[in-house]
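Structural overview
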Amino acid sequence: MVEQTFCDAENYTCACSDTLRFSAEEMEKVSHTSPCSAEQPFLPKPPAQMKDQTISSARQRRRNNKASQESLTDHTGTGSSTDSLQDDSTGRPVFSSTASLQNEQNAVDGLLRDSPRDVTFSRGQEDPDPCSLAGQHMKSTKVCLSPLQPCPSPAVEPCTASTSLRTANEIDGDCEDYEAVARGGLERLHRNYCDCQLSETMVSDNTSLNSMKSSFSVLNPIRPKDARNRSFLEGSVLGHGALLGAGELDRYFPERRVGVYIVTWNMQGEKELPSNLDDLLFPMDTEAAQDLYIIGVQEGCADRREWDIRLQEALGPYYVMLYAAVHGVLYLSVFIRRDLIWFCSEVEHATVTTRIISQIKTKGAVGVSFTFFGTSFLFITSHFTSGDSKVYERILDYNKIIEALTLPKVIPDTNPYRSITSDVTTRFDEVFWFGDFNFRLSKDRAAVEGIMKENLGSDMSPLLQHDQLSKEMRDGSIFKGFQEAPIHFLPTYKFDIGFDVYDTTSKQRTPSYTDRILYRSRQRDDIKAVKYACCSSIKTSDHRPVIGIFQVKLQPGRDNIPLGAGQFDRDLFLEGIRRRITREQKWKEAMKNQKSSSVCSIS
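Residues numbered from 1 in each chain as written. Predicted model: local features only at pLDDT ≥ 70, side-chain atom pairs only at ≥ 80, totals over all residues. Heavy atoms only, no water.

In terms of helices and strands, the chain carries 17 helices and eleven strands. Across the 603 residues that make up the chain, the buried fraction comes to 41%. Partitioning the contacts of the chain with sequence separation of at least 6, the portion at a separation of at least 24 is 69%. (Helix = DSSP H or I, 4+ residues; strand = E, 2+ residues; numbered from the N terminus. Buried < 20%, exposed > 50% of the residue type's maximum accessible area, 1.4 Å probe, protein only. Contact = heavy atoms within 4.5 Å.)

What follows is about the sheet that holds strand S8 (residues 430-436). Strand pairing in a sheet relies on backbone hydrogen bonds. The paired strands run either parallel or antiparallel. The strand order across the open sheet built from five strands is S5-S6-S7-S8-S9, with neighbouring strands paired in mixed fashion. The open sheet has two edge strands, strand S5 (348-353) and strand S9 (515-521), and neither has a second partner. Strand-to-strand twist in this sheet, taken as the mean axis angle between neighbours without regard to direction, amounts to 15°. Note that strand S7 (residues 375-383) and S8 share seven bridges and pair parallel. Bridging across to S8, Ser382 finds its partner in Gly435. Contacts from helix H13 (residues 391-404) reach S5, strand S6 (364-372), S7 and S8, with the element oriented near 145° to S5. (Pairing = 2+ DSSP bridges. Axes fitted to C-alpha atoms, helices over the stretch in contact; angles between N-to-C directions.)

Before going further, it helps to spend a moment on the UniProt feature "transmembrane region" (unreviewed entry) in the chain. Feature annotation in UniProt assigns "transmembrane region" (unreviewed entry) to the following positions: residues 318-336 and 365-384. This span, residues 318-336, is 0% helix and 84% strand, and a straight line between its end C-alpha atoms measures 8 Å. Across residues 365-384, helical content stands at 0% and strand content at 85%; the span's end C-alpha atoms are separated by 8 Å. (UniProt positions renumbered as here; feature names shortened; annotations may be inferred.)

Before going further, it helps to spend a moment on the pairing of S8. Where burial is concerned, most of S8 is hidden: seven out of the seven residues are buried. For the crossover from S7 across H13 to S8, the handedness is right-handed. (Right-handed = clockwise from strand over helix to strand, strands pointing away.)

What follows is the structure, given as structure tokens:
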């Protein structure tokens, strides 16, 4: 009987895809059990630490199976094939109903969670007499499997190939990380990942990148203590919170260099202005726009206000006019990026007439000066005496200007120990002098044209060997301490208006480099020339405009200067932007009409 019981138990457990194993000692104990226990074989004792759980689970199991005990005595075979577990005539255990099996499973889950990986049979504990258990069915067995390990979520793959992520900063719906977000649980991971990818893939535009984050602001918080006590008129170069100090300078200019764009152009007094100034102010071969735009004009148009409006229209809303000075037909306009106006001092200007009759203001100079952070600037545009052989007169014009130009007036000198009262150019850190200097090439026209026909390319040294200005600068008779960037363009004077042909009139003037941009600085190498060229696309005058792009080193300053307080020409700004919008609307309307129009031909 014992062997039969074990055989039946083994067959049952095989159906559950496992095999019962007993030690030799347990088998010998079974063979020496009493007749009373022959029908209920001795089973391995559960571990001591699991005794309480075994008792409680057995009681729960008996209560759950109480309702199905009646079917255990049904030997007529009327029960269904899914009836409760019962013994047939052969003594074999039969599968119980689905509900009973589920209850059995739930009852022993707590036991199996921490039990060792072996087969454990539990005995009923309500009846202490083992003989009374002879008629009971053998309790169901359960094989303890290793607990399931949680499956890790798949790694989120980078989606740097997404066009929308690179260009529009939008989430690509086809990305794996976006799908994970849709399933939930990865919103924060995706947000952090996108920020990381944007900082890696986008260009070095720190301001553009930071503006995409809603939690970032370029405006620093103002503490109530600072608002009560801080005075910008009492600052220090190294002091914390100084408006013009080192900290603020490094925030806006980490390399401490500001971009300066210089334009000089003799307009020949023409009323007709160029239809578009983009080529003059924003050449396509430059990488970026500059911070300061200084435009000097000689023989300017009759309507100076119209000229300034046209400049504002071309520069657009990023720039505002800081100052404009005029001396007869000499115009000098200063534009600055509108977010930099707070770091400028008040602007001062002065003029000088070099004509014998001071009422005639066609020749002379106009100068504008201001301090930006701790660096003082002086910009001079001038028109010297004309004539091929009047070199001496031009030198006299230069000497008169540097002595008579009374700047600065109120703004303190940043380094008075290096200033000379007889030379205005020594009183500022950075000086730019540009205009129509009227120095010519000391060769006749035939010789100059012969040199230009030799296909010079970018090497203009054969022409510059005959340049009057270069010779006088080498001799030290004019523009002492000034430099000029290398010239790689053809002479800018004198053209037939509207054509790329030099003077074809009866005078047959010799082509010359009359329009120049020179610079000097107190500290060596403070000014770095980036570009020096002429704008050949503007042909409304007999002179070609000359442009220069420079990087100028800045120094931190003290907050003890008269600040400009952000002042600019507001009316000019509004009018220029209004015209710009009107021009763009007309262009869009013209393009729309062009696309909608059609031409039909009948043959």
